[in-house]
Structures are given as structure tokens and as C-alpha cells.
Amino acid sequence: MARVTFSTDLQRYTGGVKHVTVKARSVRELVIELRQRFPALSDDVIAAYSLAIDGAIVARPFLETFNPDSELVFVARIAAG
């Protein structure tokens, strides 16, 4: 199963959980699965982050897929100026 890592600031929405494994194979499925496990992890919260899939940051990943052994890391977006 894919492994998701939550940053320290996201852990306040996961009850302190830093890592989870998921059955999801797409970002759309991932969001659904995470929302079921962690109701405080709202769509607005998730939308404030980019997602790194196996080390590659995808700013708008909703249609992306990933492998069962992928590493997924939510990354805070950095505003450009």
C-alpha cells in the first residue's frame, strides 16, 4: 500500500498521526480515503497543499495516479511573488 506522510502542521487534523498507508491508487481516491479516516482534514485544508508523489511535487494533483508502493508527502505551497 502507498504511504502518506503528513507534515507537522497537518498532524493537527490527523490527531497527531504522521504516517498512514492507503489502499487508494489515485489522488481522488486518496482524498476520499483520508477524509473518511480524518474528518477534520477538510477539502479546503487539503487544497492548501501540494502533493509530492515519489519525490515529484504536483501542484494540482487531483487526476494523478500512483503505484501501490508510492511515497506521498503533503507539502505546504510556497507563494511566489
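This text goes with the structure placed above it.
All of the points below concern the structure found in this document.

The rules behind the values
Residues numbered from 1 in each chain as written. Predicted model: local features only at pLDDT ≥ 70, side-chain atom pairs only at ≥ 80, totals over all residues. Heavy atoms only, no water. Salt bridge = Lys/Arg side-chain N within 4 Å of Asp/Glu carboxyl O. Helix = DSSP H or I, 4+ residues; strand = E, 2+ residues; numbered from the N terminus. Phe/Tyr/Trp six-rings, centres within 6.5 Å; stacked < 30°, edge-to-face > 60°. Buried < 20%, exposed > 50% of the residue type's maximum accessible area, 1.4 Å probe, protein only. Contact = heavy atoms within 4.5 Å.

Some details on the pattern of salt bridges
Counted according to the given criterion, the structure contains 1 salt bridge. Linking Glu33 and Arg37 is a salt bridge whose minimum nitrogen-to-oxygen distance equals 3.1 Å. Of this pair, Glu33 and Arg37 both sit in helix H1 (residues 27-37), separated by 4 residues, roughly a single helical turn.

Some words on the packing of aromatic side chains
Across all of its chains, the model carries 2 aromatic pairs by this definition. Here the aromatic rings of Phe6 and Phe38 are separated by 5.7 Å at their centres, their planes lie at 85°, and the arrangement is edge-to-face. With a gap of 32 residues between them, Phe6 in the loop between strand E1 (2-5) and strand E2 (19-22) and Phe38 in the loop between H1 and helix H2 (43-47) connect regions that are remote in the sequence. Accessibility expressed as a relative area gives 1% for Phe6, which makes it buried. Residues Phe6 and Phe74 carry aromatic rings whose centres are separated by 6.1 Å and whose planes lie at 5° to one another, so their mutual orientation is stacked. With a gap of 68 residues between them, Phe6 in the loop between E1 and E2 and Phe74 in strand E5 (residues 71-76) connect regions that are remote in the sequence. Of the residues examined, Phe74 reaches a relative accessible area of 7% and is grouped as buried.

A word on the environment of Val20
Mapped onto the fold, Val20 is located in strand E2. A C-alpha to C-alpha distance of 20 Å links Val20 and Asp44, two positions 24 residues apart in sequence. In this structure Val20 touches Ala2, Arg3, Val4, Phe6, Leu34, Arg37 and Phe38, once residues within four positions along its chain are discounted.

That's the geometry; what it means functionally is another story.
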